[in-house]
Amino acid sequence: MRMTRTTSVLALTAAAAMLVGCASGTPDNPGGSGDEGDAPLYEVAENVDLEGSPTYDAMVEAGGITIGVKEDQPGLGYLDPVTGDRTGFDVDIARWIAASLGFSEDEITFQSIPSANREQAIVNGDIDYYVGTYSITDSRKEQIDFAGPYFVTGQGLLVGTDSDIASVDDLNADTIVCSVTGSTPIQNIRDNYPDVPTQEFATYSECVEGLLNDQVDAVTTDEAILIGYAAQDPDNLQVVGEPFSEERYGVGLPLGDDALRTFINDLFENDPDTWQAIYDANLGDSGVEGTQPEVDRY
Ligand code: GLU
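Here's a quick rundown of the structure.

Looking at the sheet that holds strand 4 (residues 86-87)
One open sheet accounts for three strands, arranged 2-3-4; its pairing is antiparallel. Of all strands in the sheet, those with a lone pairing partner are strand 2 (72-73) and strand 4, marking the two edges. Here strand 2 runs beside strand 3 (residues 77-79); their pairing, made up of two bridges, is antiparallel. Pairing of Asp 72 across the sheet is with Tyr 78, part of strand 3.

Quick look at the structure:
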């Protein structure tokens, strides 16, 4: 037992507060920049030329945009429980797209949606698009479309600093591995490591709690996510081994909205400097490696 539940929650919150200090775009600073006073990372577009997108037409009609994100993944998609600020690489990618569609920060409504509910939220029209460590997969493409990819990472393992687990090869029938319902990593463990017992929660922060409380032996998901948790609590948490999958992050969109998909793909392709600035502001010092991938106009 390394920490009590309460101290680990406090440690996570305190570390998260430090981590978000370097992040960006707030209602006062809609351009999403590193420090107050820096030049904005992107401008809110004025003459948007987007024909034939039912999703965009609905946004214009509503006078605002609703974006699905994560809220417990530091460095990627995080909601500060004290200030209410949303920060992270994914959140700033979401803001950049909104700005390019002509929407300023005060016209954005963010909705936190866990992994298992993403497709349904898009299909139902609860959100206009989703940006949150969302891997492009063929089975998801049956229900929704993806712009991107805008980032590539791979599945990894988070364990305690005193753990004997050094890589995925050390998982066995006696090691409980935690991941999230509806995610690609839990499916990968089930399909390819069927002897390894799994514990499922709705969110990765619940898995991290379980790890800190010795209820599980490892947490598995994308390394980019795990590095964010390890950075908050390096005395107790470490990422081990090599990535054992490829996760290509896309922007989840309503199925068949090709005009919006092309618009976002064009944005990614035509403005690599903004991509880089968003990466640098959020992940530059994090140890999460990344270069902008080519978009896939499938
Ligand atoms: N990228 C993986 C997925 O889309 C894991 C991360 C997540 O659950 O958001 O399932």
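Let's talk about the site of the ligand
Of all residues adjacent to the ligand, which total 17 residues, the nearest are Ser 115, Thr 133, Ser 135, Tyr 204 and Asp 222. At 2.7 Å, a side-chain N or O of Ser 135 approaches a nitrogen atom of the ligand. Take Arg 140: an N or O atom from its side chain is 2.9 Å from an oxygen atom of the ligand. Summarising the interface, the protein chains cover 100% of the accessible area of the ligand, which totals 280 Å² for the free molecule. Looking at the shell around the ligand residue by residue, the class counts come to five nonpolar, seven polar and five charged.

Digging into the environment of Phe 103
Looking at the secondary structure, you find Phe 103 in the loop between helix 3 (89-100) and strand 5 (108-112). For Phe 103, a relative accessible area of 7% corresponds to the buried category. A sequence separation of 59 residues divides Phe 103 from Val 44, and the C-alpha atoms of the two residues are 6.3 Å apart. Apart from residues lying up to four places away in sequence, Phe 103 is in contact with Val 44, Tyr 56, Met 59, Val 60, Gly 63, Gly 64, Ile 65 and Ala 98.

Structural notes on the pairing of strand 7 (residues 144-153)
With respect to burial, strand 7 is a largely interior element, nine of its 10 residues being buried. Where strand 7 meets strand 13 (residues 247-254), seven bridges bridge the pair, whose relative direction is antiparallel. Of the residues in strand 13, the one forming a bridge with Ile 144 is Pro 254.

Here's the deal with the pattern of salt bridges
According to the stated counting rule, one finds nine salt bridges in the structure shown. It is possible to trace a salt-bridge network through shared partners that takes in Asp 92, Arg 95 and Glu 105.

Conventions used here
- Just so you know, the residues in each chain are numbered from 1, in the order the chain's sequence is written.
- Local features are withheld for residues below a pLDDT of 70 in this predicted model, meaning they are given only at 70 or higher, and side-chain atom pairs are given and counted only at 80 or more; totals for whole chains, interfaces and linings count all residues.
- Where side-chain values are given, they derive from all heavy atoms of the structure, hydrogens and water being excluded.
- Only strands that DSSP links by at least two bridges are regarded as paired with each other.
- Here a strand is any run of E in DSSP of at least two residues, a helix any run of H or I of at least four, and the numbering for each starts at the N terminus.
- A single heavy atom is enough: if one lies within 4 Å of a molecule or strand, its residue is considered near that molecule or strand.
- In protein, a polar contact means a hydrogen-donor-capable atom and an acceptor-capable atom, both N or O and within 3.5 Å, with residues adjacent in sequence counting only if both atoms are side-chain atoms; elsewhere, any N or O pair within 3.5 Å suffices.
- Throughout, the Shrake-Rupley method with a 1.4 Å probe supplies accessible areas, and for residues the shown protein chains are the sole cover considered.
- Under this grouping Gly is polar, as are all residues other than the nonpolar Ala, Val, Leu, Ile, Met, Phe, Trp, Tyr, Cys and Pro and the charged Asp, Glu, Lys and Arg.
- To sort residues, take the accessible area from a 1.4 Å probe on protein chains only and compare it with the maximum for the residue type: under 20% means buried, over 50% means exposed, and anything in between is partly exposed.
- What makes two residues a contact is simply this: any of their non-hydrogen atoms within 4.5 Å.
- Think of a salt bridge as a Lys or Arg side-chain nitrogen and an Asp or Glu carboxyl oxygen that are within 4 Å of each other.

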